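# Chains, contacts and geometry: an overview
Each chain, letter by letter, is given below.
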Number of protein chains: 2
Amino acid sequence: MPLKNTGTETLIKETAKRLFFAEGKLHATTQEIADAAGVNRTSLHYYFRSRDLLLEAVFKEAMQALSGRMNECMAAEKPFRQKIEDLIEVFLKDMTAFPYQETFLVTEINTLGKELIENIKAEPINNFLTEVKEEMHNGTLEKIEPIHFLMNLFSLLSYPLIMAPLYRQLFQISEKKFSELIGQRKEIILKMLFTE
Amino acid sequence: MPLKNTGTETLIKETAKRLFFAEGKLHATTQEIADAAGVNRTSLHYYFRSRDLLLEAVFKEAMQALSGRMNECMAAEKPFRQKIEDLIEVFLKDMTAFPYQETFLVTEINTLGKELIENIKAEPINNFLTEVKEEMHNGTLEKIEPIHFLMNLFSLLSYPLIMAPLYRQLFQISEKKFSELIGQRKEIILKMLFTE
DNA sequence: CTTTTATTTAACAATTTTGTTAAACAAAAT
DNA sequence: ATTTTGTTTAACAAAATTGTTAAATAAAAG
């Protein structure tokens, strides 16, 4: 079976990903996606049958990629602190490129159906939570419900990037200055999470 | 001029607010809004002329209310720590009722135009940032760029509530257990923000 | 009681968005 | 060179969504 593979399929998928997750245009039409990709709108149906299926494809791929990288960090044979540093870097990189990915997931659960989050495996997270608990016994971390530790980590990483457009206005800072601030986040977050 | 004032206008506005900000249905149609409010769709046009104008009305009102309450906290004649506690309570209450409000703002800036965030006054925030700086000199707070302090505060408050549906799945916890966790956030956040 | 005015509704029209069909095109296989 | 197969496109159809008009309803004013 000779596939010509003109790259159009991935082009459409990557373009949709950019519009949805990077630019936050959650209700981009098929026409807008096709235009941004520079292809005819019919190609979109040729490869994905419908708008919803394109959306699903983009979504599953992105979530799988991210949760894969995160699980890799969490399950690695490294000291706890190193794992956290890895997680911060992976997550920060992803959130910088695609700040609206998780927001999108959460607000689209109604539309797309819960199967999207149902097949997110809870096991790697649970193992990691156990490890967090151990660190609390060691005194490396404040003794709180381990879930709070993870929520704190994700919050400190994600929220500033989601709110970037608002913060630039609110704090009257340039795009450059904002990037600088984000560059400082890793150290700030580490200091907040670990009791020195 | 005798206004009958049947309450329909506010009913529509409150219903739209609920759908948009509480349930996260950012692209609810006029029909869905009308149905949820139990009125004819034409009433929606009668009071607001178009979908966009309804959206704008809902938006401006919500943002004004929230920023008003926040400015009140920040400008109050109270000790710094008390102000932060007030802010946490105000914000936590608002985010619990309407978790998607800020997300909505940020992702709709493209569509609704930047005038929505342009008339958010930066002054109260700037005054407060100065105060934060003073606290850092006093040693009450870790010495970092003051903007980080505020980003940390807002992140720790908002993100867990935005991600609630995802977290309940990821951490395998009930709605009740999740509410309990949120109830513990104030103390957790205070501990993280202040160097004891 | 009648008139006026605000509100609500049904019916219709216009626009936008999605989806389908069939034809045109281009590269590989025979 | 011709056939086959995969890809792209234009034209068309269907559905969903918004917006308008005019009639029906009901409450207040005269």
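Residues numbered from 1 in each chain as written. Chains lettered and ligands numbered in written order. Predicted model: local features only at pLDDT ≥ 70, side-chain atom pairs only at ≥ 80, totals over all residues. Heavy atoms only, no water.

For chain A, the name recorded in an unreviewed UniProt entry is TetR/AcrR family transcriptional regulator, with Pedobacter miscanthi as its organism.

On to the overall build of chain A, then. Regarding its fold elements, chain A presents eleven helices and zero strands. What you see in chain A, going N to C, is helices and strands ordered as α-α-α-α-α-α-α-α-α-α-α. Principal-axis analysis of the C-alpha atoms gives chain A an extent of 60 × 45 × 30 Å. Every one of the 196 residues in chain A was classed for burial, and the buried ones make up 53%. Considering only residue pairs separated by 6 or more positions, chain A has 63% of its internal contacts joining residues 24 or more positions apart. (Helix = DSSP H or I, 4+ residues; strand = E, 2+ residues; numbered from the N terminus. Buried < 20%, exposed > 50% of the residue type's maximum accessible area, 1.4 Å probe, protein only. Contact = heavy atoms within 4.5 Å.)

Here the focus is the protein's contact with DNA strand D. Not every one of the 18 residues close to DNA strand D is listed here, only the nearest: A:Thr6, A:Thr8, A:Tyr47, B:Thr30 and B:Arg41. If you look at DNA strand D and keep only atoms within 4 Å of the protein, 51% of those are sugar or phosphate atoms. Measuring from a phosphate oxygen of DNA strand D, one finds a side-chain N or O atom of B:Arg51 at 3.0 Å. Going through the elements one at a time, helix H3 (41–48) of chain A together with helix H3 (41–48) of chain B are the ones with two or more residues in the surface near DNA strand D. It is H3(A) that provides the largest number of residues to the surface near DNA strand D, a total of four residues. Partitioning the surface near DNA strand D into residue classes produces three nonpolar, eleven polar and four charged. (Near = heavy atom within 4 Å. Polar contact = N/O pair within 3.5 Å; in protein donor to acceptor, adjacent residues only side chain to side chain. Nonpolar A, V, L, I, M, F, W, Y, C, P; charged D, E, K, R; others polar.)

The next subject is the interface of chain B and chain A. Contacts between the two partners involve 53 residues from chain B and, on the opposite side, 53 residues from chain A. Both faces combined, the contact of chain B with chain A buries some 4900 Å², and carbon together with sulfur accounts for 73% of it. For chain B, the biggest contributors to the area lost against chain A are B:Met151, B:Tyr159 and B:Phe171; these three give 13% of the whole. Where chain B touches chain A, the interface holds two salt bridges. When the shortest N-O distance is used, the salt bridge between B:Lys177 and A:Glu145 registers 3.3 Å. (Buried area = accessible area lost by both parts, 1.4 Å probe. Salt bridge = Lys/Arg side-chain N within 4 Å of Asp/Glu carboxyl O.)

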